[in-house]
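Take a look at the letters that make up each chain.
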Amino acid sequence: MSDSSRIVLQWSPAHGRTRTCRFKSECTIGRAPENRIIVPDAEVSREHAAFTVKDGRLLLQNLSRSGTVRVRNETLAPTQVTRVHAGDVVTVGSVSMTITDLQATVTPSVIRCVNPTCNRTLTAGVTDCPWCGTSTAFADTHAGT
């Protein structure tokens, strides 16, 4: 993943200044100092939740077995994942934060046909190359266009 492939997540805790978390693949939230977003709250687990990037979208997963994670007033069950957008309110334990800005600069991935005489760029989701008929089951994924 190149240096330009990153997420810039800005959030504001209730009655606080805007904060920024820049990451390439994951931004964890919890009480432990190893987290990217540290929430010093007794209701928050050591590793409570995690923002991840998948296909250029920001996802939030509840990692806590007993702690609360809410997005848009919906409670996430343990291990449940949901997509997060700018403007969403995320609550971890008793701490709420509003996602004020979200910039995804993720380099898209492309699939190339593995047939050396074809090697064409394929549309994501196809099962066979439309030009030569080779199965995409073993196709290579590359960054870029």
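To be clear, the structure that these remarks concern was listed above.
A brief look at the structure comes next. (Residues numbered from 1 in each chain as written. Predicted model: local features only at pLDDT ≥ 70, side-chain atom pairs only at ≥ 80, totals over all residues. Heavy atoms only, no water.)

1. Structural notes on the environment of Leu-122
Part 1: Structurally, Leu-122 can be placed in strand β13 (residues 121-122).
Part 2: For the pair Leu-122 and Ile-111, spaced 11 residues apart in the sequence, the C-alpha separation amounts to 5.3 Å.
Part 3: Contact partners of Leu-122, with chain neighbours within four places excluded, come to Ile-111, Arg-112, Cys-113, Cys-129, Pro-130, Trp-131 and Thr-136. (Helix = DSSP H or I, 4+ residues; strand = E, 2+ residues; numbered from the N terminus. Contact = heavy atoms within 4.5 Å.)

2. Digging into the nonpolar core
Part 1: Formed by 23 residues in total, the largest nonpolar core has its most connected members in Leu-9, Phe-23, Ile-29, Ile-37, Phe-51, Leu-60 and Val-90.
Part 2: Within the residue set of this core, elements represented by two or more residues are β1 (7-13), β2 (19-23), β3 (26-30), β5 (49-54), β6 (57-62), β7 (69-71), β10 (89-92) and β11 (95-104).
Part 3: Ignoring any residue separated from it by four or fewer positions in sequence, one finds Ile-37 in contact with Trp-11, Cys-21, Cys-27, Thr-28, Ile-29, Gly-30, Phe-51 and Met-97. (Core = buried A, V, L, I, M, F, W, Y, C linked by side-chain atoms within 4.5 Å. Buried < 20%, exposed > 50% of the residue type's maximum accessible area, 1.4 Å probe, protein only.)

3. Some details on the sheet that holds strand β4 (residues 37-38)
Backbone-to-backbone hydrogen bonds pair the strands of a sheet. The strands run either parallel or antiparallel.
Part 1: Ordered in space as β4-β3-β5-β6-β9, the 5 strands form an open sheet in which the pairing is mixed. Both outer strands of the open sheet, β4 and β9 (81-83), are each paired with one neighbouring strand and no more.
Part 2: By the bridge criterion, 2 bridges tie β3 to β4 in an arrangement that is parallel. Considered in β4, the bridge of Gly-30 is made with Ile-38. (Pairing = 2+ DSSP bridges.)

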